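Next come the chains, spelled out residue by residue.
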Amino acid sequence: MFKQARISQTGKKLTITPINNSDNIAKAIAEIGVRTYDLSTGYRCDNWVEDVLETAGKDPLKYFSGSSYSKTVQQHIEGLKEGSYTTTVPSETGYYVVFMDHGHIGKNGTPYAPHAGLLSIDGSGTMTLWDNSLGNKTLGVEQTVVTAASSTRISEFGYDNFYFQKIN
């Protein structure tokens, strides 16, 4: 049975613990998860996803259109290869790289920037999205249990387009 990682927070300290030690993605989230989103260094959501993939022994170039350190999330979306992703919210157990774009208007009057995260679906069908964002309470990595608002949208995130790639 597929298991996820647990996250706990004390103040700004984030602790992520994998439930199943044979789960390389959960272990990588636990190892990489404490890195915060940082505009001054340029460390952003897609950098975190790439770091998790590499730490888990996965090839990020299977999911990205180049290094996240040289491309934007929108460039990754534009570079997705037909057949490598789905725009339908998945239901199969596992982990997915997810890109989001065409967001709603934020509090500052500008549209949400394109975003990246990791979606996990456990054996009971519970979906959890892990993302690294200044909008999170931790100013970095956070997990959100999510539901599908429709067959193509996740209700907890204010985006119109989602692109899911199963991690193999």
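Residues numbered from 1 in each chain as written. Predicted model: local features only at pLDDT ≥ 70, side-chain atom pairs only at ≥ 80, totals over all residues. Heavy atoms only, no water.

Novice: What's the story with the nonpolar core in this structure? I'm lost.
Specialist: Where a protein is soluble and globular, its nonpolar side chains tend to be buried together. Counting residues in hydrophobic clusters, the biggest one holds 26 residues, and the most contacted among them are Trp48, Phe99 and Leu118. Of all the secondary structure elements, the ones that give two or more residues to this core are helix H1 (24-32), helix H2 (45-55), helix H3 (73-78), strand E3 (94-103) and strand E4 (115-121). Counting 14 residues, the second largest nonpolar core, distinct from the first, contains Met127, Ile154, Phe162 and Phe164. (Core = buried A, V, L, I, M, F, W, Y, C linked by side-chain atoms within 4.5 Å. Buried < 20%, exposed > 50% of the residue type's maximum accessible area, 1.4 Å probe, protein only. Helix = DSSP H or I, 4+ residues; strand = E, 2+ residues; numbered from the N terminus.)

Novice: What should I look at first to understand the packing of H1 against H2 in this one?
Specialist: What describes two packed helices is the angle between their axes and the distance between those same axes. Close contact between H1 and H2 brings their axes to 8 Å; oriented N to C, the two are set at 125 degrees. Between H1 and H2, the angle falls in the class oblique. Judged by the sense of rotation from one axis to the other, the crossing of H1 with H2 is right-handed. Counted together, Ile25, Ala28, Ile29, Glu31 and Ile32 of H1 and Trp48, Asp51, Val52 and Thr55 of H2 form the full contact between these two elements. (Axes fitted to C-alpha atoms, helices over the stretch in contact; angles between N-to-C directions. Parallel < 35°, antiparallel > 145°, perpendicular 65-115°, else oblique. Left-handed = near helix turned anticlockwise from the far one by under 90°. Contact = heavy atoms within 4.5 Å.)

Novice: Help me out: how do you make sense of the pairing of E3 in this one?
Specialist: Consecutive residues of a regular strand have side chains that alternate between opposite faces of the sheet. E3 sits mainly inside the fold: nine of its ten residues count as buried. With seven bridges joining them, E3 and E4 adopt antiparallel strand pairing. By the bridge assignment, Val98 is partnered in E4 with Gly117. Judged from the seven bridges that link them, E3 and strand E7 (residues 159-166) form a sheet pairing that is antiparallel. Residue pairing for E7: Met100 is matched across the bridge by Phe162. (Pairing = 2+ DSSP bridges.)

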